[in-house]
Protein chains: 2
Amino acid sequence: MSAGATSSGIINRRDLTFQLYELLNVEGLCERQRFSEHNREVFDAILDTAERIAREHFEPHAALLDENEPHFDGKEVHILPEVERALAVYNEAGFAAGCFDEADGGMQLPYTIGQACAAMFHAANVSTSGYVLLTIGASNLLAAFGSEDQKRRFMDPMLEGRFFGTMCLSEPHAGSSLGDLRTKAEPIGDNLYKITGDKMWISGGEHQMGDNIVHLVLAKLPDAPPGVKGISLFIVPKRRVDASGAVGDLNGVRLMGLNHKMGYRGTVNTVLSFGEEGDCVGELVGKPHHGLKYMFHMMNEARIGVGLGAVMLGYSGFIHSLAYAKERPQGRHPAQKDPNAPQVMIIEHADVKRMLLAQKAYVEGGLALTLYCATLVDDEQTSPDPEKKAQLGLLLDILTPIAKAWPSDWCLEANKLAIQVLGGYGYTRDYPVERLYRDNRLNPIHEGTNGIQAMDLLGRKVTMKQGAALRLLLGQVQETIAEASGVSELEEYVGGLQKALGRATEATMALTGAAMGGKIRLFLANASVYLDMMGHIVIAWMWLRQAIVAHNALQSGPSAQDKAFYTGKLHACRYFYRWELPKVGPWAKLLSSLDDTCMNMPEDCF
Amino acid sequence: MSAGATSSGIINRRDLTFQLYELLNVEGLCERQRFSEHNREVFDAILDTAERIAREHFEPHAALLDENEPHFDGKEVHILPEVERALAVYNEAGFAAGCFDEADGGMQLPYTIGQACAAMFHAANVSTSGYVLLTIGASNLLAAFGSEDQKRRFMDPMLEGRFFGTMCLSEPHAGSSLGDLRTKAEPIGDNLYKITGDKMWISGGEHQMGDNIVHLVLAKLPDAPPGVKGISLFIVPKRRVDASGAVGDLNGVRLMGLNHKMGYRGTVNTVLSFGEEGDCVGELVGKPHHGLKYMFHMMNEARIGVGLGAVMLGYSGFIHSLAYAKERPQGRHPAQKDPNAPQVMIIEHADVKRMLLAQKAYVEGGLALTLYCATLVDDEQTSPDPEKKAQLGLLLDILTPIAKAWPSDWCLEANKLAIQVLGGYGYTRDYPVERLYRDNRLNPIHEGTNGIQAMDLLGRKVTMKQGAALRLLLGQVQETIAEASGVSELEEYVGGLQKALGRATEATMALTGAAMGGKIRLFLANASVYLDMMGHIVIAWMWLRQAIVAHNALQSGPSAQDKAFYTGKLHACRYFYRWELPKVGPWAKLLSSLDDTCMNMPEDCF
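Treat the numbers as computed from the prediction; the structure is a model and nothing was measured. (Residues numbered from 1 in each chain as written. Chains lettered and ligands numbered in written order. Predicted model: local features only at pLDDT ≥ 70, side-chain atom pairs only at ≥ 80, totals over all residues. Heavy atoms only, no water.)

**Student:** Please explain the overall build of chain A as it appears in this structure.
**Tutor:** Looking only at helices and strands, chain A has 20 helices and 12 strands in total. By the compact-globule yardstick of 25 Å for 606 residues, chain A fits well, its C-alpha radius of gyration being 25 Å. Residues classed as buried in chain A amount to 64% of the 606 residues present. Of all intrachain contacts in chain A linking residues separated by at least 6 positions in sequence, the fraction that spans at least 24 positions is 75%. Accessible surface, chain A: about 21,300 Å² in total, of which carbon and sulfur atoms supply 51%. Here chain A carries 58 positive and 72 negative side-chain charges, and the mean point of each set is 5 Å from the other. (Helix = DSSP H or I, 4+ residues; strand = E, 2+ residues; numbered from the N terminus. Rg over C-alpha atoms; globule rule 2.2 N^0.38 Å. Buried < 20%, exposed > 50% of the residue type's maximum accessible area, 1.4 Å probe, protein only. Contact = heavy atoms within 4.5 Å. Areas by Shrake-Rupley, 256 points an atom, 1.4 Å probe, with all protein chains shown as cover. Lys, Arg positive; Asp, Glu negative; His and termini not counted. Charge placed at Lys NZ, Arg CZ, Asp CG, Glu CD.)

**Student:** When you look at the relation of the copies chain B and chain A in this model, what are you seeing that I'm missing?
**Tutor:** There are two copies of the chain, and a rotation about an axis plus a shift along that axis relates them. With an RMSD of 0.0 Å, the operation that places chain B on chain A is a rotation of 180° combined with a shift of 0.0 Å along the axis. With respect to symmetry, the two chain copies, as superposed, fit the operation of a two-fold axis. The rotation axis passes nearest to the C-alpha of B:K583 in chain B, at a distance of 3.5 Å. A share of 100% of the interface residues of chain B reappears at the interface of chain A, consistent with the copies meeting face to face through the same patch. (Least-squares fit on C-alpha atoms with pLDDT ≥ 70 in both.)

**Student:** Where do I start with the interface of chain B and chain A in this structure?
**Tutor:** Listed by partner, the interface residues are 98 residues for chain B and 98 residues for chain A. Of the roughly 8,500 Å² buried between chain B and chain A on both sides combined, carbon and sulfur atoms contribute 60%. When residues of chain B are sorted by the area they lose upon contact with chain A, B:Y427, B:R429 and B:F606 head the list and together hold 11% of the total. Counting across the interface, chain B meets chain A through 10 salt bridges. Across the pair A:E69 and B:R429 runs a salt bridge, and its minimum N-O distance is 2.4 Å. No other element matches helix α19 (residues 560-580) of chain B, which puts eight residues into the side of chain B that touches chain A. The class makeup of the residues in the side of chain B that touches chain A is 43 nonpolar, 27 polar and 28 charged. (Buried area = accessible area lost by both parts, 1.4 Å probe. Salt bridge = Lys/Arg side-chain N within 4 Å of Asp/Glu carboxyl O. Nonpolar A, V, L, I, M, F, W, Y, C, P; charged D, E, K, R; others polar.)

**Student:** Mind showing me how you'd approach the pattern of salt bridges here?
**Tutor:** Pairs may arise between side chains of opposite charge once their charged atoms sit close together. In the structure shown here, the tally under the stated rule is 72 salt bridges over all chains. Residue A:D101 pairs with A:R34 through a salt bridge whose shortest N-O separation is 2.9 Å. With A:D101 in the loop between α5 (81-92) and α6 (111-124) and A:R34 in the loop between α2 (13-23) and α3 (40-58), the pair connects residues that are 67 residues apart, well separated along the chain. Here B:D456 ties to B:R460 by a salt bridge, and the two come within 2.9 Å at their closest N and O atoms. With a gap of four residues between them, B:D456 and B:R460 both fall in helix α14 (residues 450-461), about one helical turn apart. Overall, the relative accessible area of 8% leaves B:D456 in the buried class. What emerges from the salt-bridge pattern is a single network uniting A:D104, A:E148, A:K151, A:R152 and A:D156.

**Student:** Is there a simple way to explain the pairing of strand β9 (residues 247-250) of chain A in this structure?
**Tutor:** Successive side chains on a regular strand alternate, one facing one side of the sheet and the next facing the other. Residue and element names in this part refer to chain A. Judged from the two bridges that link them, strand β8 (residues 239-241) and β9 form a sheet pairing that is antiparallel. Paired with V241 across the two strands is V247, which belongs to β9. Between β8 and β9, which pair antiparallel one after the other, the connecting turn spans five residues, and G245 there sits at a positive phi close to 95°. (Pairing = 2+ DSSP bridges.)

**Student:** When you look at the environment of B:L272 in this model, what are you seeing that I'm missing?
**Tutor:** All names here are of chain B. Checked against the element boundaries, L272 lands in strand β11 (residues 269-274). The exposure class of L272 is buried, given its relative accessible area of 1%. Expressed as a C-alpha distance, the spacing of L272 and K199, which sit 73 residues apart in the sequence, is 5.2 Å.

**Student:** What is the right way to look at the confidence of the model for chain A in this model?
**Tutor:** Residue and element names in this part refer to chain A. Residues at a pLDDT of 70 or more form 99% of chain A, whose mean pLDDT is 95. Note that residues 1-6 has pLDDT below 50 and, in this model, 12 contacts with residues that lie over four places away or in other chains. Overall fold confidence for the complex sits at a pTM of 0.97, while the interface term, ipTM, reaches 0.96. (pLDDT = per-residue confidence, 0-100.)

**Student:** How do you make sense of the nonpolar core when you look at a structure like this?
**Tutor:** Within soluble globular proteins, side chains that are nonpolar generally end up buried alongside one another. In terms of nonpolar packing, the biggest core is built from 428 residues, with A:L399, A:Y530, A:M533, B:L399, B:Y530 and B:M533 touching the most fellow members. With near-sequence residues (within four places) excluded, B:M533 lies in contact with B:A504, B:A507, B:V584, B:W587, B:A588 and B:L591. (Core = buried A, V, L, I, M, F, W, Y, C linked by side-chain atoms within 4.5 Å.)

**Student:** Please clarify how the packing of aromatic side chains should be interpreted in this entry.
**Tutor:** For any pair of aromatic rings, geometry is given as the distance between the ring centres together with the angle between the planes. Taken as a whole and judged by the stated rule, the model has 47 aromatic pairs over all chains. Look at B:Y315 and B:F318: their rings are 6.4 Å apart centre to centre, the planes differ by 65°, and that puts the pair in the edge-to-face class. Of this pair, B:Y315 and B:F318 both sit in helix α10 (residues 299-327), three residues apart, roughly one helical turn. Ring pairing ties together the aromatic residues A:F58, A:Y90, A:F95 and A:F121, which thus form one cluster. Over the face of the ring belonging to A:Y21 we find A:R40, whose NZ or CZ atom lies 3.9 Å from the ring centre. (Phe/Tyr/Trp six-rings, centres within 6.5 Å; stacked < 30°, edge-to-face > 60°. Lys NZ or Arg CZ within 6 Å of the ring centre and 35° of its normal.)

**Student:** What is the right way to look at the side chain of A:K360 in this model?
**Tutor:** Within the element layout of this structure, A:K360 appears in helix α11 (residues 350-382). Every residue in contact with A:K360, bar those within four places of it in the chain, is listed here: A:F318, A:G365, A:W543, A:G568, A:K569, A:A572, B:M601, B:C605 and B:F606.

**Student:** Looking at this structure, how should I read the packing of helix α15 (residues 464-484) of chain A against helix α18 (residues 527-555) of chain A?
**Tutor:** The axes of two packed helices give the description: the angle between them and the distance between them. All names here are of chain A. Between α15 and α18, the shortest axis-to-axis distance is 10 Å and the interhelical angle comes to 35°. Handedness of the α15/α18 crossing: left-handed. Between α15 and α18, the contacting residues are L470, L473, Q476, V477, T480, I481, E483 and A484 on the first element and Y530, M534, V538, W541, L544, R545 and I548 on the second. In terms of residue class, the contact of α15 with α18 is made up of 11 nonpolar, two polar and two charged. (Axes fitted to C-alpha atoms, helices over the stretch in contact; angles between N-to-C directions. Left-handed = near helix turned anticlockwise from the far one by under 90°.)

**Student:** Which parts of the structure should I look at to understand the state of the cysteines?
**Tutor:** Think of a disulfide as a covalent bridge from one cysteine sulfur atom to another cysteine sulfur atom. All names here are of chain B. Here the structure, examined in full by the defined rule, presents zero disulfides over all chains. With no disulfide of its own, C99 has C117 as its nearest cysteine by sulfur position, at a separation of 7.8 Å. Overall, the relative accessible area of 28% leaves C99 in the partly exposed class. Not part of a disulfide, C605 finds its nearest cysteine sulfur in C598, a span of 14 Å. (Disulfide = S-S within 2.5 Å.)

**Student:** Quick question: what am I supposed to make of a positive patch on the surface here?
**Tutor:** Together, A:K499, A:R503, A:K589, B:K499, B:R503 and B:K589 make up a region of like positive charge exposed at the surface. For the positive patch, the secondary-structure elements that each account for two or more residues are α16 (491-516) of chain A together with α16 (491-516) of chain B. With respect to the helices and strands, A:K499 occurs in helix α16. Of the residues examined, A:K499 reaches a relative accessible area of 47% and is grouped as partly exposed. (Patch = residues over 30% accessible without salt bridge, like charges linked within 9 Å, V, L, I, M, F, W, Y side chains within 5 Å.)

**Student:** How should I be thinking about the environment of A:L570 in this particular structure?
**Tutor:** Residues and elements named next belong to chain A. Position of L570 among the secondary structure elements: in helix α19 (residues 560-580). Linking L570 and M209, residues 361 residues apart in sequence, is a C-alpha distance of 47 Å. With residues up to four places along the chain from it excluded, the contact list for L570 reads L490, Y493, A547, A550, H551 and L554.

Next comes the structure, spelled out in structure tokens:
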């Protein structure tokens with residue numbers, strides 16, 4: 001019963017190599033000044049190290065941590081010691097600082113390589129990884145907007161693994177509606193502020209690991225304008241840090257309770273109260289009222305990170321269920337009528353192949369999208385050409401809500417299928433697939449619910465700059481179509497994608513027409529369907545990109561193993577175009593009809 | 001944080017009344033001899049009692065039981081005492097025997113009323129209900145196939161709540177492939193047999209409640225033919241029962257371990273070993289080698305029961321998320337630009353309405369189907385006309401895999417949406433929606449995986465008797481279409497359903513054509529899509545049936561409250577026809593193309 005618990009399921013490294021070097025040309029980034037000291041060998045060595053640490057130090061305690069979640073004894077939060085030990089190995093290897101400047105003690109790695117490493121830690125143990133990813137996120141904000149003094153006193157210790165970081169945005173009464181937050185910051189001189197208020201859903205908000213926890217808190221100054229324009233960002237450490245960086249007394253951040261979740265159980269999730277008992281002092285980051293702008297500056301990366309995390313939970317489930325399907329005998333082929341004939345492995349059943357192929361199409365498609373977005377981040381940040389930079393930024397802006405939401409919807413679906421492949425065993429806690437499913441259910445919710453992503457995509461990204469971002473995206477897709485055109489093996493996909501694009505364009509015109517006619521509520525009422533539709537088109541594009549590379553590679557006489565790999569890519573592409581992309585038809589039709597069924601459902605009629 | 005934990009979410013009784021009396025005419029069953037002593041008042045009183053017991057004795061410990069699952073201390077299995085107390089109240093009220101013959105101490109209730117009661121217990125607490133539903137299932141088998149002596153010694157105590165029942169089918173090496181089971185039964189005279197073998201996934205397999213546990217075990221006699229034709233059914237009690245019915249010594253049934261599941265945590269799930277230490281004696285039920293036939297005799301009811309259980313888990317999530325959406329303020333309408341304007345309740349957001357409407361369409365559609373199937377069971381069992389009886393049996397046969405699989409897929413989807421409505425709160429264990437989602441994930445797996453249901457539907461039910469069952473089903477749908485035709489408000493749905501039927505018919509012809517051409521593997525390769533397609537069509541039919549009743553009721557000047565209720569039905573129907581039914585198009589096209597993508601994926605290419 002417990003065989004599954006010990007098997008490993010992180011990533012198919014052959015696929016990662018394909019994605020990074022054959023599909024994305026990450027090596028090409030080394031031509032940029034910032035990455036000029038790196039090359040593929042360096043990247044591979046780092047990926048090898050990440051995989052080894054993930055496998056040896058993160059994965060083994062994932063199930064144990066899930067079953068033994070952090071608890072609060074009224075005085076302290078207790079977390080399995082395996083977590084701190086794994087983080088020590090991680091920090092020892094310098095992963096936290098991987099993408100940071102060499103001047104800050106980092107390795108100046110491309111974001112794409114950092115994400116590929118994060119992907120493996122995520123797949124191995126999402127809860128333990130949570131602590132480092134949050135700390136990196138907080139460090140990123142300080143790197144971009146903190147003063148030199150703040151960077152030395154707070155960011156450096158985070159990158160060394162001595163301090164942990166958190167993000168404190170939501171409040172109990174206002175989860176997604178940041179404009180309504182009530183936490184206050186009153187100036188007490190010297191860029192210091194007295195912070196008072198409650199924060200909700202704070203991951204990593206309290207524990208005994210490391211020397212300190214650096215909370216990055218959104219709060220309002222006394223003279224703040226109303227709504228989102230009146231939000232400022234503060235550093236609020238658990239323990240005060242003096243001018244020399246020495247850690248001192250507690251700073252009035254009180255743990256009000258832990259949230260107990262369905263998944264992500266190992267990442268302690270807290271309700272915090274600031275300044276309720278004893279003074280709680282924070283330092284302003286950057287300029288007053290610029291807090292949300294700073295957060296949004298990091299938003300694309302944070303959301304792509306969530307998307308990639310969702311991909312990897314799905315990916316891990318795919319690997320586990322694939323291994324199971326190859327080893328589990330059960331049943332016979334439909335035409336086999338002899339009850340004494342030996343049972344076949346379940347991977348031979350067409351319906352099991354369907355469930356594996358769907359998982360493959362979702363997770364490898366999702367990985368292609370999220371890594372592609374990561375290269376856009378690198379490309380944008382290091383491009384010497386301002387016009388190109390602006391274009392990359394636009395492309396990233398429009399792809400971000402899709403890269404966050406699509407994997408969190410469809411790689412959760414992959415996790416559901418992984419359970420189904422294992423049947424009753426998949427439903428038990430002896431195998432990891434049920435845990436991965438529980439973990440992944442968070443991703444459509446946090447870092448902006450998928451409903452909010454949909455409003456962002458249609459209400460902001462599609463219409464901004466007179467549709468420039470959308471045109472840019474469609475142009476990129478057309479480039480791939482042009483590349484595939486004339487290749488007879490890819491003809492079906494070229495036609496399928498063209499048709500889907502045509503339908504999506506019609507739907508977009510109908511919707512923007514409604515918006516221009518002032519029907520703003522109707523325009524946005526079915527935004528989530530628009531996100532589904534655009535998501536499937538973008539993933540179909542990603543599959544066509546992969547199919548082109550695989551098709552070309554097959555022409556050049558690959559090894560038997562590579563031949564199977566590339567054939568699998570073509571097969572998964574076919575699956576996506578025949579089984580998934582046709583969903584765009586009904587979605588586009590519904591959108592084009594400006595259906596008001598949901599918007600106009602009277603509330604007393606439910 | 002814990003407000004959600006105490007709220008109740010079982011069923012909308014107005015909807016249940018609508019389903020039973022306005023849509024299904026359950027009162028009409030009282031014209032049958034078997035039910036002639038009942039009337040609507042009796043039914044309502046029983047439903048009221050069931051709801052009250054479910055609310056007062058089942059629902060309050062549902063979350064506690066989930067967090068404190070049964071455990072084995074090496075000697076005994078311990079289960080929260082609340083479970084046994086709730087079951088005592090349930091048995092006191094006579095619910096176990098509700099549908100059984102008066103001669104057997106039952107109330108001779110229609111199966112439909114029994115299912116409506118079971119629905120409420122299921123929604124209130126699926127784990128505690130599990131014990132009684134299994135016991136009723138075992139009692140049903142003995143009522144149908146046991147000797148009078150077996151009924152008195154085993155069934156009667158089960159119906160009184162003194163004994164518990166289980167079904168022991170699966171074995172560790174052969175979950176769904178019953179023909180491969182290895183448990184042996186060697187005759188030792190007097191209709192007694194020595195049982196040896198291991199059984200897996202046995203719910204309620206061991207505990208200290210009641211006086212005894214009656215295991216109904218599938219095993220093979222020494223002279224058994226191979227495969228499914230060589231399976232016999234045995235009564236194997238935990239403690240031996242003598243001729244007088246007195247409970248004696250342990251009977252060599254050993255608990256090997258507990259399975260720890262993602263959901264359904266409160267229903268102890270076991271691995272049992274029979275006859276490994278000490279003799280384990282069983283009694284043959286009915287004739288040798290007829291075991292699977294007996295099981296299949298109960299299969300329709302068991303599978304409809306699973307479907308209804310899936311519906312109710314979704315229904316409960318719908319009620320909880322609806323209540324939350326009406327009380328939770330957050331955000332403003334898209335056109336509202338004033339950040340100082342008060343926040344609106346989230347039910348006012350179009351995307352939240354979408355998630356509620358989808359849930360309503362899934363769960364009320366699923367309830368309509370499973371209760372309709374329940375009336376077919378009653379109608380078939382009590383119809384005086386043999387030809388009509390045969391037709392009802394056929395209709396039930398073809399609807400059963402759909403009634404099992406569709407709700408377990410789509411009402412799980414409803415549970416996913418309920419979590420999303422609650423956002424971060426929905427992901428915590430302070431609210432019931434995450435538990436309902438975990439519970440419901442079992443339903444696509446047990447009582448025949450949905451993949452097996454799909455093979456059953458396409459490979460057996462569609463083709464049996466030269467397609468008679470399918471023709472009968474389509475005829476019923478056409479009758480509803482005829483009834484709705486000419487009503488302008490329903491015209492859109494008549495057209496939509498006709499179109500979907502046409503596409504499904506084309507797909508069916510393409511598939512059966514492949515089968516007749518000998519391409520059996522290709523015929524069955526995409527059976528799961530066929531099930532999806534037929535499921536959506538059948539639920540669309542159920543929604544048209546509901547819309548007709550609602551439309552007619554609105555003509556007769558209902559109360560304001562009823563007007564809102566019927567309007568809601570029409571709105572949900574519209575949702576299903578505009579948002580869900582169009583999915584049939586791509587499914588039918590895929591099926592008609594006899595796509596071999598999944599079937600032909602080479603195993604080394606994943």
